[in-house]
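Geometric and topological summary
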Amino acid sequence: MNDFLLADSFLQPGLILISCGLLCLIVPQTLRRMLVLVCPLVTLAAVVTSDADRLSVMFGIIFSVISFIAALYNLSVKDRFEVAAETVYAGASVSAVFASGWISMIVYWELMAVSSWLTLVCARTKRASKAGFRYLMVHMMGGNLLLAGIVIRLMQGSVELQCLSEGPHDAAFWLILAGVAVNAAIPPLHAWIADAYPEATMGGTVYMGSFTTKVGVYFLIRLFAGTELLLYFGVFMALFGACMALMENDLRRLFAYHIVSQVGYMVAAVALGGALGIDGAAAHAFNNILYKGTLLMCAGTLISVTGKRKISQMGGLGKKMPLTAGCFLIASLAIAGFPLLNGFVSKSLIMNAAAGSGIHWAELLLMVASVGTLMSITLKINYFVFWGKTDSPDLSLTAAGTEVSEQSVPFSRKIAMILGAAGCVICGVMPNLVYGLSPYGSDGHPFTVDHVTQYMELFAAASIAFLMYLPHMKPHEQITLDADWFYRKPLKYAVRWLSQTVERLRHRTGDQIGKLIRRGNQYLHDPALLLRNWSGKKPAARRECLEDDDVLQKPAGWLVAINFIIFLAVVLFVFYNR
């Protein structure tokens, strides 16, 4: 029990947010707003003053900070169930990274899965309901894999969390890795992000984009640092996510794919191991929560104001929504690794780790993924959403901005976007704020001439390529098939075949049982039939009878015998009484 309430020798900080979420179900709206703002700050104080290891404290700090910012962004929401689910979700994530044993890990892991599912379905739309069902199925599968691995570890006598990368690479190792990989969105188990995140509420997407995958990264660092296999998956994720985002037209689906891409950097850094790799993964997760949260908040504001979610349906919004455009520009430059912003700070650690390990192909491909990020977010969205114009005639007024204004945006949402953008700048200008929190305190020396000129050249080359292929970069309506198509389609037909096979088997089994019952009923009514069948004698052929009276269907011999006995009894009675 102490493992659920305590982490090492202190109270679980996440329990503050979990308790706050439960209180949100019953308290009035005014008090609820106060709670969701105060509790993340209290949680932050509990995290900072705890005696946990640096990795847990680092993730606890950024989870508490984004909980406050997301709660501020969502302050105008009146749905108490949504607010409660989001707050419990945040608390479960904080508690998960402070878990000290396998049992508490799986408990908070499952609580995080259920509360994130509730966060998704609180959108109360048909699309959200369907996406929520698939989301829950995927995470139930991941949770069961993780649970199976944990049970094996417990049977082996291991109770406390410990690094598994050194071996033995037994069933427990692979089951736990597969379970964590689901939350970290490692392909091919990644499609749930693009499937579910765009269907949540505006505030719900900010929460979902900040916690689940980052908790997965935390446990990859904690349990699997230095596992070489993860390097190939990480590099593939970085490239795959960026390429899918280049083709995507839906604003929030695009960001969902970039979560996959950015987590790919973290997974690759985990695989590189060592002080630089671990610090790079942790620092990039820290910074990613800030700039990705800001991007999702800006996207939610755009969708709320315009009523549109497609990039091709927007245009010319920069002048009418300058605050949103400014915050988005800062966060979009940060995710691409522009100098003096936080993405540049953490990517420097990862690139140094790749260069130091001598794995130059990984370093090169991660740089290519950075180009894809720059083109698909920094250039594509800023140009076509904020500074370009839509070609849709029915959206010309919206594109011109005559009905679009930030006046309808709640003040709390504006402050939340400003805080997120400010965090990107502060952590970029003062990188030691992030480096000092990392597990080993590595210094990436980001502002060397080599680093700065390398990224500036990268930005210049990508910008020229974007302008050259501008007509091809223009988003348009299309269906983009993800990798899950290759197993969802066969799975659909496999389930249909299995269902039909089971149905046929059920019918045949029912028919045979029915025949057995009817035959048994015949034997019970006429036991002699069993003897005749056993002796091989065939029963007498049934005669056709015109009458419907059942009495007439009886054997005539029995009727004659009964009548004779009755007649004989009457005759004897008469003669006896004479």
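Bear in mind that the values here come from a model prediction, so they are computed numbers and not experimental data. (Residues numbered from 1 in each chain as written. Predicted model: local features only at pLDDT ≥ 70, side-chain atom pairs only at ≥ 80, totals over all residues. Heavy atoms only, no water.)

Details of the overall build of the protein
Keep this limit in mind: Note on conventions: DSSP H or I runs of at least 4 residues are helices, E runs of at least 2 residues are strands, and numbering of each starts at the N terminus. Between buried and exposed lies partly exposed: a residue is buried under 20% and exposed over 50% of the maximum accessible area for its type, with that area taken using a 1.4 Å probe on protein chains only. Note on areas: these come from Shrake-Rupley sampling with a 1.4 Å probe, and a residue is covered only by the protein chains present in the view.
Secondary structure assignment for the protein yields 24 helices and two strands. By the burial criterion, 52% of the 578 residues in the protein qualify as buried. For the protein, the accessible area works out to roughly 26900 Å², and carbon and sulfur atoms hold 68% of it.

A few points about the side chain of Thr324
To be explicit about the condition: A contact between two residues is defined here by any heavy atoms of the two lying within 4.5 Å.
As for its placement among the helices and strands, Thr324 is situated in helix H14 (residues 322-336). In this structure Thr324 touches Cys298, Thr301, Leu302, Phe386, Glu406 and Met417, once residues within four positions along its chain are discounted.

Here's the deal with the packing of aromatic side chains
Applicable threshold: When the centres of two rings from Phe, Tyr and Trp lie within 6.5 Å, Trp using its six-membered ring, the rings pair. Their planes under 30 degrees apart give stacked, over 60 give edge-to-face, and anything left gives tilted.
As enumerated under the stated definition, the model contains 21 aromatic pairs in all. With centroids separated by 5.6 Å and ring planes inclined at 20 degrees, the aromatic side chains of Tyr232 and Trp361 adopt a geometry described as stacked. Of this pair, Tyr232 sits in helix H11 (residues 229-247) while Trp361 sits in helix H16 (residues 360-387), placing them 129 residues apart in sequence. By relative accessible area, Trp361 is classed as partly exposed at 37%.

Focus on the packing of helix H4 (residues 54-73) against helix H5 (residues 80-97)
To be explicit about the condition: Fitted lines through C-alpha atoms give the axes, limited to the stretch in contact for helices. The angle between two N-to-C directions lies from 0 to 180 degrees. Angular relationships are summarised with four words: roughly parallel below 35 degrees, roughly antiparallel beyond 145, roughly perpendicular across 65 to 115, and oblique for the angles in between. For this classification, the nonpolar set comprises Ala, Val, Leu, Ile, Met, Phe, Trp, Tyr, Cys and Pro, the charged set comprises Asp, Glu, Lys and Arg, and every other residue, Gly included, is treated as polar.
At a minimum axis separation of 9 Å, H4 and H5 run at an interaxial angle of 170 degrees. With respect to H5, the element H4 is oriented roughly antiparallel. Contacts from Ser56, Phe59, Gly60, Phe63 and Ser67 in H4 reach Ala90, Ser93, Val94 and Val97 in H5. Counted by class, the contact of H4 with H5 contains five nonpolar, four polar and no charged residues.

Overview of the confidence of the model for the protein
Our working rule: The predictor attaches a confidence to each residue, called pLDDT, with possible values from 0 through 100.
Per-chain confidence: the protein averages 85 in pLDDT, with 85% of residues scoring 70 or above. Mean pLDDT in the protein bottoms out at helix H17 (residues 396-400), which sits at 44, and peaks at H4, which reaches 95. Taken together, the stretch residues 395-402 has pLDDT below 50 and engages in 15 contacts with residues farther than four places along the chain or on a different chain.

Some details on the nonpolar core
Put simply, the rule reads: What we call a nonpolar core is a set of buried Ala, Val, Leu, Ile, Met, Phe, Trp, Tyr and Cys residues that are connected through their side-chain atoms within 4.5 Å.
Counting residues in hydrophobic clusters, the biggest one holds 167 residues, and the most contacted among them are Met105, Phe219, Leu220, Phe224 and Phe255. Examining the composition of this core, we find that 17 residues originate from one element, helix H13 (residues 274-306), more than from any other. Each residue touching Phe224, except ones within four places of it in the same chain, is listed here: Leu164, Ser165, Phe173, Ile176, Leu177, Val180, Phe219, Leu230 and Val270.

Looking at the packing of H14 against helix H18 (residues 411-429)
The cut-off we apply is this: Crossing chirality is assigned from the near helix's rotation relative to the far helix, an anticlockwise turn below a right angle marking it left-handed and a clockwise turn marking it right-handed.
The contact between H14 and H18 brings their axes to 9 Å, and the two run at 30 degrees. Relative to H18, the element H14 lies roughly parallel. Crossing geometry of H14 relative to H18 is assigned as left-handed. Seen from H14, the contacting residues are Leu323, Thr324, Cys327, Ile330 and Ala334; seen from H18, they are Lys414, Met417, Ile418, Ala421, Cys424 and Val425. Classifying every residue of the contact of H14 with H18 gives nine nonpolar, one polar and one charged.

Comments concerning the side chain of Thr212
Test applied: Polar contact is defined as a pair of N or O atoms within 3.5 Å, subject to the rule that within protein one atom must be able to donate a hydrogen and the other to accept it, and that residues adjacent in sequence are counted only when both atoms are side-chain atoms.
Summarising the element assignment, Thr212 is placed in helix H10 (residues 202-224). Its relative accessible area of 2% is what places Thr212 among the buried residues. Among the polar contacts listed, one links the side chain of Thr212 to the side chain of Tyr89, at a separation of 2.4 Å. Dropping the residues within four chain positions of it, Thr212 is found in contact with Tyr89, Ser116, Tyr135, His139, Asn183, Trp192 and Tyr197.

Digging into unusual backbone geometry
Omega for the bond connecting Pro187 with Pro188 falls within 30 degrees of zero, at 5 degrees, which places this linkage in the cis form. Relative to the helices and strands, Pro188 resides in the loop between helix H8 (171-183) and helix H9 (191-196). Its identity is not glycine, yet Ala185 carries a phi of approximately 60 degrees, on the positive side. Residue placement: Ala185 occurs in the loop between H8 and H9. Taking relative accessible area as the criterion, Ala185 reaches 0% and is therefore assigned buried. In the Ramachandran plot, Leu340 falls in the positive-phi region, its phi being about 75 degrees despite a non-glycine side chain. Looking at where Leu340 falls in the secondary structure, it is placed in the loop between H14 and helix H15 (342-357).

A short note on the environment of Arg124
With respect to the element layout, Arg124 can be found in the loop between helix H6 (102-121) and helix H7 (126-155). You can call Arg124 exposed: its relative accessible area is 54%. A C-alpha to C-alpha distance of 9.6 Å links Arg124 and Glu199, two positions 75 residues apart in sequence. Once residues within four sequence positions are removed from consideration, Arg124 is found in contact with Asp79 and Phe81. Only 2.3 Å separates the side chain of Arg124 from the side chain of Asp79, close enough to count as a polar contact.

Observations concerning the pattern of salt bridges
Definition in use: The salt bridge criterion pairs a side-chain nitrogen of Lys or Arg with a carboxyl oxygen of Asp or Glu, the two atoms within 4 Å.
Here the structure, examined in full by the defined rule, presents eight salt bridges. Between Asp79 and Arg124 there is a salt bridge, with the nearest N and O atoms lying 2.3 Å from each other. Taken together, the residues span a long stretch of sequence, with Asp79 in the loop between H4 and H5 and Arg124 in the loop between H6 and H7 at a distance of 45 residues. Note that Glu199 is salt-bridged to Arg309, the shortest N-O span being 3.5 Å. On the criterion of sequence distance, the pair formed by Glu199 in the loop between H9 and H10 and Arg309 in the loop between H13 and H14 is long-range, its members being 110 residues apart. Exposure remark for Glu199: the relative accessible area of 11% places this residue in the buried category.

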